[in-house]
Amino acid sequence: MDDRVILRVGAKILIPFILLFALYVQFHGDYGPGGGFQAGVIFAAAFVLYALVYGLGNAFKVLPPKVAYVCGALGVALYVGVGYVSMALGGNFLDYNVLAHDPAHGQHYGIIGVELGVLITVFGAMVALFYAFAGRRRIDP
Amino acid sequence: MSENLPALLIVVPLMLAPVAALVGRAGASWAVATAACWWALYASLALLLRVWDEGVIRYALGGWPAPYGIEYRIDLASAFVALIVAVIGAIAIPYARTSIAREVAEDRAPLFYTAFILSLTGLLGISITGDVFNVFVFLEISSLSAYSMIALGQDRRALTAAYQYLIMGSTGATFIVIGIGLMYVMTGTLNMVDLAERLPQVADNRTIPVAFTFLTVGITLKLALFPLHLWLPNAYTFAPSAVTAFMASTATKVSVYLLLRFFFTIFGFQFSFERMQLDMVLMPLALVAILAMSLVAIYQANVKRLLAFSSVAQIGYMVLGISFGSVLGVTAGILHLFNHALMKGALFMAMGCVMYRIGSVRIEKMAGLGKAMPWTMAAFVLAGLSLIGVPLTVGFVSKWYLVQAALERDQWAVAGVVMVGSLMALVYIWKVVEVAYFGELDPDHEIQEAPLSLLVPTWVLVIASFWFGIDATGTAEVATAAAESLLRGLP
Amino acid sequence: MSDALGHFNYWAVVVLMMVGFYTLIARGNLVKKLIGLNIFQTSVIMMYVSFGKITGGTAPILVEGDHGEAVEHVVYSNPIPHVLMLTAIVVGVATLALGLSLVVRIKEAYGTIDEDEITAKDNAQ
């Protein structure tokens with residue numbers, strides 16, 4: 001039997017849980033330790049695990065490098081976009097109080113929005129970094 | 001919109017940076033970068049005029065009032081420095097289109113323009129923020145994008161130059177963070193105004209002088225004051241020409257502004273100059289910088305490297321002005337910020353034109369260029385005259401204020417050093433002029449004048465350095481008012 | 001004596017800081033310099049987090065009573081240093097990533113990542 005069976009089966013079982021855990025950390029950031037950066041890294045770790053076990057070619061098919069760059073840029077746009085919406089609704093930049101009918105809900109929506117932006121950017125950046133390093137050919141001595 | 005202008009100054013370029021990364025083609029990214037730079041110019045000019053009329057502008061980010069939240073606090077010195085950065089950015093970006101098309105690969109150009117916008121955003125953010133940790137964040141944004149831009153240079157030594165700058169710059173930033181942490185643990189606040197109020201009460205504890213020291217070393221590293229200047233010559237020499245022109249005129253100037261902000265606003269004149277004897281530390285270093293670095297510049301064979309060492313010497317002039325601690329001295333320092341940005345920007349842009357046409361900036365390759373590229377070399381000569389400090393140029397105005405500040409304190413030796421520095425500048429400028437105008441042109445290679453898109457920004461800066469030299473009242477007024485408000489401290 | 005033991009965190013910070021700084025300055029291998037920089041930055045992170053601890057303070061998450069209302073008179077540790085250090089960690093990661101990409105490019109361009117050999121090759125050229 002191929003000695004990599006254990007790795008492949010193990011990765012297949014674990015990757016969905018890693019992705020789920022990343023989302024848990026993302027939303028748990030409101031109430032405890034967690035948040036966008038940590039969640040983004042864990043989310044990217046799942047893709048890195050996939051690339052390590054199944055090969056970079058398969059990883060490129062699942063998540064093309066262009067998509068990773070676009071994610072990196074899009075998250076920043078989302079974060080700054082939340083700030084723009086606050087300004088358009090009459091508050092200062094990133095003033096979450098004006099985003100909903102009362103300040104508590106506004107803070108809630110604002111934080112979710114910016115953390116989502118952070119998640120997307122960090123995920124895109126981490127995957128792009130991995131692709132950049134792994135995509136180079138072996139350097140011959 | 002106008003009440004959100006402080007935030008928009010930072011946020012519009014910040015929003016345009018991912019757009020520049022996403023558009024994917026060099027020309028479109030350049031257009032986005034131009035929009036960001038010209039918006040920054042408009043907004044910083046509007047902010048300076050508003051501060052001049054109304055006084056300090058305070059803008060609470062996120063609606064949280066200071067000191068609970070992060071606020072932008074724009075006073076005259078901040079607005080002036082932000083304007084300098086925006087002006088140089090707006091002039092460098094049309095220059096960059098042609099220059100970068102020649103020096104950076106086409107598929108990397110969009111990422112270059114993204115890094116350019118991010119660097120501009122970081123530098124503007126440092127100028128206008130009123131929260132010390134925010135300073136660190138923007139400092140790292142501008143520095144990291146600067147490291148990437150430098151690494152895009154053609155020579156392979158650009159990579160080692162970028163690496164060396166990364167190591168030294170990150171060490172400096174970490175020292176600044178240590179200083180900020182020590183201040184935070186003693187006072188419990190990160191807001192500059194609040195810190196200024198609380199620091200005198202805890203200043204007897206040993207932590208505060210230690211924090212002061214860490215901050216001084218960290219900022220001096222970023223500032224490239226002798227002897228922590230080792231990253232500067234390599235970084236300026238091997239970076240793409242547009243990057244050198246932009247960075248030489250902005251990155252170190254903003255670090256000088258940081259020095260002013262920390263020493264005069266947060267720690268206060270009394271603590272910095274009387275208790276910690278800052279002038280005893282800064283003045284000798286500045287004097288050595290002026291003399292030693294000008295001397296080293298004379299012996300360089302690579303003209304960009306020569307200008308880089310000259311920059312370290314000019315930073316010595318700025319820090320010398322600040323170390324006097326008087327209104328005249330700090331005015332001289334702030335004025336030289338502006339004037340040096342114009343002069344060095346013009347000089348490095350002229351070198352970029354030379355690089356564009358002959359592919360090298362070594363002095364022996366520039367023989368006879370005065371005849372082949374008359375406009376470029378004329379720009380170099382005129383900006384060089386400004387560097388020496390000939391009357392009618394901006395360089396003369398700064399040196400005049402510096403000498404006056406020295407004589408006010410009866411320090412004739414210091415005034416003498418300033419004069420000797422000018423003489424040495426004369427030597428190294430003449431070195432280049434002699435080869436360019438009295439050397440023999442190589443008859444085999446036909447060298448054309450640089451294209452208009454490179455010449456026009458260069459000449460804009462040259463003409464500006466003469467304009468503000470002949471009529472210095474505007475800049476001198478702003479600089480004096482800024483110096484007075486800094487020395488007065490907070491009410 | 002108990003003061004010195006109580007300050008154990010800060011002793012660890014000092015040791016890490018010096019180890020990192022020494023590695024940064026004294027090692028010629030480019031990757032080792034980056035590791036030294038990272039250790040240096042980690043010590044600063046530890047320092048800030050130690051600053052945030054309040055004696056008798058619990059984690060800075062709102063303690064809820066039986067019916068979901070906030071409990072009064074609870075001592076919380078300071079969350080601000082933690083927030084600041086999240087930013088600092090991200091900056092450190094970005095710096096490390098940028099530094100390592102530069103090292104990869106330098107290796108491709110020079111064939112070595114030892115600082116002295118690189119200087120020798122530069123001077124020879």
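Preceding block: the structure.
Residues numbered from 1 in each chain as written. Chains lettered and ligands numbered in written order. Predicted model: local features only at pLDDT ≥ 70, side-chain atom pairs only at ≥ 80, totals over all residues. Heavy atoms only, no water.

### A short note on empty space enclosed by the protein
Let me state the cut-off plainly: Residues are said to line a cavity or pocket when one of their atoms sits within 4 Å of a point; the points come from a 1 Å grid over protein atoms alone, cavities being sets where a 1.4 Å probe fits but cannot get out and pockets being open sets with protein on both sides within 12 Å along at least five of seven lines. Grid points are joined across faces, edges and corners, and a volume is the space filled by probe spheres set on the points. Runs of H or I in DSSP of at least four residues are treated as helices and runs of E of at least two as strands, each being numbered from the N terminus. Following the grouping adopted for this structure description, the nonpolar residues are Ala, Val, Leu, Ile, Met, Phe, Trp, Tyr, Cys and Pro, the charged ones are Asp, Glu, Lys and Arg, and the polar ones are all others, Gly among them.
The full count for this structure, using the stated rule, is two cavities of 30 Å³ or more. Taken as a whole, the largest cavity holds about 130 Å³ of empty space. Of all the secondary-structure elements, those providing two or more residues to the lining of the largest cavity are helix H4 (109-128), helix H5 (132-151) and helix H10 (241-266) of chain B. Residue composition of the lining of the largest cavity, grouped by class: nine nonpolar, four polar and one charged. Roughly 90 Å³ of internal volume is contained in the second largest cavity. Going through the elements one at a time, H5 and helix H6 (157-187) of chain B together with helix H3 (30-52) and helix H4 (80-110) of chain C are the ones with two or more residues in the lining of the second largest cavity. Each residue belonging to the lining of the second largest cavity can be placed in one class, and the counts come to seven nonpolar, three polar and one charged.

### What to know about the interface of chain C and chain A
Threshold: Any two residues whose heavy atoms approach within 4.5 Å at even a single point are treated as in contact. A simple way to read buried area is as the amount of 1.4 Å-probe accessible surface that goes missing from two parts once joined, with both sides added. By convention in these notes, a salt bridge is any Lys or Arg side-chain nitrogen within 4 Å of a carboxyl oxygen on Asp or Glu. Identification of polar contacts relies on pairs of N or O atoms within 3.5 Å, with a donor-acceptor requirement for protein atoms, meaning one able to donate a hydrogen and the other able to accept it, and with residues adjacent in sequence counted only if both atoms are side-chain atoms.
Contact with chain C, which involves twelve residues of that partner, is made by ten residues of chain A. Summed over both partners, the interface of chain C with chain A buries about 880 Å², with 80% contributed by carbon and sulfur atoms. When the buried surface of chain C facing chain A is broken down by residue, Ile61(C), Val104(C) and Glu108(C) rank first, second and third, together holding 38% of it. Here chain C is connected to chain A by one salt bridge. Salt-bridge contacts for Glu108(C) lead to Arg136(A); the nearest nitrogen and oxygen are separated by 2.7 Å. Counting every contact that joins chain C to chain A gives one residue pair in polar contact (both at pLDDT 80 or more).

### Considerations on the interface of chain B and chain C
Tallying the contact residues gives 30 residues for chain B and 35 residues for chain C. Here chain B meets chain C over a buried area of about 2800 Å², counting both sides, of which 76% is carbon and sulfur. Broken down residue by residue, the surface that chain B buries against chain C is led by Arg156(B), Leu159(B) and Tyr163(B), which jointly contribute 24%. Along the contact surface separating chain B from chain C lie zero salt bridges. Where chain B touches chain C, the interface holds five residue pairs in polar contact (both at pLDDT 80 or more). Of all elements in the fold, only H5 and H6 of chain B reach the threshold of two or more residues within the side of chain B that touches chain C. Counting residues per element, the side of chain B that touches chain C draws most heavily on H6(B), which supplies 18 residues. When the residues that make up the side of chain B that touches chain C are grouped by side-chain class, the tally is 19 nonpolar, six polar and five charged.

### Quick look at helix H2 (residues 8-26) of chain C
The criterion, for reference: A helix is expected to reach a length of 1.5 Å times the quantity of its residues less one. Buried, partly exposed and exposed residues are distinguished by accessible area as a fraction of the type maximum, computed with a 1.4 Å probe on protein chains only: under 20%, between the cut-offs, and over 50%, respectively. What the arc covers is the set of directions going from the helix axis to the C-beta atoms.
Look at H2(C): 27 Å from first C-alpha to last across 19 residues, which is about the 27 Å you get at 1.5 Å a residue. Among the residues of H2(C), Val13(C), Met17(C), Gly20(C), Thr23(C) and Leu24(C) are the ones counted as buried. Taken around the axis of H2(C), the buried residues stretch over an arc of 135 degrees, which confines them to a single face. The outward face of H2(C), more than 90 degrees from its buried face, is lined by the exposed residues Phe8(C), Trp11(C), Val15(C), Tyr22(C) and Ile25(C). Contact partners of the buried residues in H2(C): H6 of chain B together with H3 of chain C.

### A closer look at the packing of H5(B) against H10(B)
Residue and element names in this part refer to chain B. Selection criterion: Each axis is a line fitted through C-alpha atoms, taken for helices only over the stretch in contact, and angles between the N-to-C directions span 0 to 180 degrees. Angular relationships are summarised with four words: roughly parallel below 35 degrees, roughly antiparallel beyond 145, roughly perpendicular across 65 to 115, and oblique for the angles in between. Left-handed describes a crossing in which the near helix is turned anticlockwise from the far one by less than a right angle; the clockwise case is right-handed.
One way to put it is that H5 packs onto H10 with a least axis distance of 12 Å and a crossing angle of 160 degrees. Compared by their axis directions, H5 and H10 come out roughly antiparallel. Classified by chirality, the crossing of H10 by H5 is left-handed. For the pair H5 and H10, the contacting residues are Val132, Val135, Leu139, Ala146, Met149 and Ile150 in the first and Val243, Met247, Leu258, Phe262 and Ile266 in the second.

### Details of the pairing of strand S2 (residues 71-74) of chain B
Residue and element names in this part refer to chain B. Going by this rule: Here, strands pair whenever DSSP counts at least two bridges between them.
The two faces of S2 match: Glu71 and Arg73 on one face and Tyr72 and Ile74 on the other face are all buried. Here strand S1 (residues 57-60) runs beside S2; their pairing, made up of four bridges, is antiparallel. Following the sheet pairing, Ala60 is matched in S2 by Glu71.

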